Amino acid sequence: MNEISSPIAGAEPLLVAEAVVKQFGANTVLRGVDLALGSGESTCIIGPSGSGKTTLLRCMALLEAPSDGRILMDGMTVAQAEPSSSVRASAKKVRPEIGMVFQQFNLWPHMTVLQNIIEAPMRVRGLGRDEAIAIAEALLEKVGLAAKRDSYPARLSGGQQQRVAIARALAMQPKILLFDEPTSALDPELRREVLQVMRTLALEGMTMLVVTHEMGFARRVASRVVFMDEGVIVEQGNPSLFFENPTTERARRFLTHFED
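Residues numbered from 1 in each chain as written. Predicted model: local features only at pLDDT ≥ 70, side-chain atom pairs only at ≥ 80, totals over all residues. Heavy atoms only, no water.

## Topic: the sheet that holds strand β3 (residues 42-46)
Put simply, the test is: The pairing criterion is simple: DSSP has to find at least two bridges between the two strands. Numbered from the N terminus, helices here are DSSP runs of H or I no shorter than four residues, and strands are runs of E no shorter than two. Fitted lines through C-alpha atoms give the axes, limited to the stretch in contact for helices. The angle between two N-to-C directions lies from 0 to 180 degrees.
One open sheet accounts for 6 strands, arranged β6-β7-β8-β3-β9-β10; its pairing is mixed. One side of each edge strand has no neighbouring strand; the edge strands of this open sheet are β6 (98-101) and β10 (232-237). Taking each pair of neighbouring strands and ignoring which way they run, the sheet shows an average axis angle of 20°. Where strand β9 (residues 224-229) and β10 come together, 5 bridges link them in antiparallel fashion. The residue bridging Met228 from the neighbouring strand is Ile233, located in β10.

## Comments concerning helix α3 (residues 113-123)
Given 3.6 residues per turn, any residue in an α-helix points the same way as the ones three and four places further on. Inclusion rule: Relative accessibility under 20% of the residue-type maximum defines a buried residue, over 50% an exposed one, and the middle range a partly exposed one, all with a 1.4 Å probe and only protein chains included. Two residues qualify as a contact provided that any one of their heavy atoms is within 4.5 Å of a heavy atom in the partner residue.
Every buried residue of α3 is accounted for by Val113, Leu114, Asn116, Ile117, Ile118 and Pro121. Buried residues along α3 sit against α4 (129-142) and α5 (158-171).

## Re the sheet that holds strand β5 (residues 76-80)
Taken together, 4 strands build an open sheet; the order of strands is β2-β1-β4-β5 and the sheet is antiparallel. Edge positions in the sheet fall to β2 (27-38) and β5, since each of these pairs with one other strand and no more. Each adjacent strand pair in this sheet contributes to an overall mean axis angle of 20°, direction not counted. Judged from the 4 bridges that link them, strand β4 (residues 68-73) and β5 form a sheet pairing that is antiparallel. From the neighbouring strand, Met73 faces β5, where its bridge partner is Met76. Here helix α2 (residues 85-94) sits on the sheet in contact with β4 and β5, set at roughly 105° to β5.

## A look at the UniProt feature "domain: ABC transporter" (unreviewed entry) in the chain
The criterion, for reference: UniProt positions are given in the numbering used here, feature names are shortened, and annotations may be inferred rather than shown by experiment.
Following the UniProt record, the feature "domain: ABC transporter" (unreviewed entry) maps to residues 15-255 here. A helix fraction of 39% and a strand fraction of 27% characterise residues 15-255, whose end C-alpha atoms lie 28 Å from each other.

## Here's the deal with the packing of aromatic side chains
The condition is simple: A pair of Phe, Tyr and Trp rings is counted when the ring centres sit within 6.5 Å of each other, with Trp represented by its six-membered ring. The angle between the planes then sorts it: under 30 degrees is stacked, over 60 is edge-to-face, the rest tilted.
Throughout the structure, instances matching the rule amount to 3 aromatic pairs. Between Phe227 and Phe242 the ring centres are 6.2 Å apart and the planes differ by 40°, which places this aromatic pair in the tilted class. Of the two residues, Phe227 sits in strand β9 while Phe242 sits in helix α8 (residues 239-244), which places them 15 residues apart along the sequence. We note that Phe227, like Phe242, is buried.

## What about the pattern of salt bridges?
What counts here: Salt bridge, as applied in this entry: a Lys or Arg side-chain nitrogen positioned within 4 Å of an Asp or Glu carboxyl oxygen.
Tallying each qualifying case throughout the model produces 16 salt bridges. A salt bridge links Arg70 to Glu18, with the shortest nitrogen-to-oxygen separation between them at 2.7 Å. Placement of the pair is Arg70 in strand β4 and Glu18 in strand β1 (residues 13-24), with a sequence separation of 52 residues. Given a relative accessible area of 14%, Glu18 falls into the buried group. The residue Glu97 makes a salt bridge to Arg125 at a minimum N-O spacing of 3.4 Å. With a gap of 28 residues between them, Glu97 in the loop between α2 and β6 and Arg125 in the loop between α3 and α4 connect regions that are remote in the sequence. The buried category is assigned to Glu97, whose relative accessible area is 17%. In this structure Arg125 comes out as partly exposed when scored by relative accessible area, which is 31%. Each of Lys22, Arg58 and Glu64 takes part in salt bridges that share partners, so that together they form one network.

As structure tokens, this is what we get:
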């Protein structure tokens, strides 16, 4: 087993992928990936399309089961190829602690912005309606959308919908927030809206794992950059060092395609 990629110095491991393999039929997408995320750390995963970034994220979000290896949270095994009853119980316990923001927003079209945000906290966390509404209104203020409280998703821009999706994920009060290329469906102006919200969360100490092609965001906001290719972590480290002097030829070739 490879040594697990460590979180930033002083950060307690929160979510860990240990020797994770993921296969879809004959196609092996992840090839024994080790990655540990520390509390308060903002990690960006970058790499070419098809490198396994989103699959790793989905495994760590407990949306995909590893074909081999395991996922741990707070030291508990929460996913493996053939989970025992105790692992399944642990997964059920921690799943609300892992928030997920998708590329395509995934808002309920028949619900208002407020209704989208309060639904899961009431059903999953068991919050009362008044408490859930108070949390939702505070989060809408945070993401700059307090005036859109009673709007339906179809009346919002893509950037506004993604900010609502972030507020919805935060309403569950997760320990960690995972983002799967959250700006890929947006034009440049709308991307800035979403990235500013994410930057604020990082500065506030939210634990984040972000799959992204936004090299500027990764360089300026991440505490660690992880570069993947062909189902493995090729290189990782401090963003400034990585972008200024990558240690592998594969990372150097990848970065030549981006101008920051």
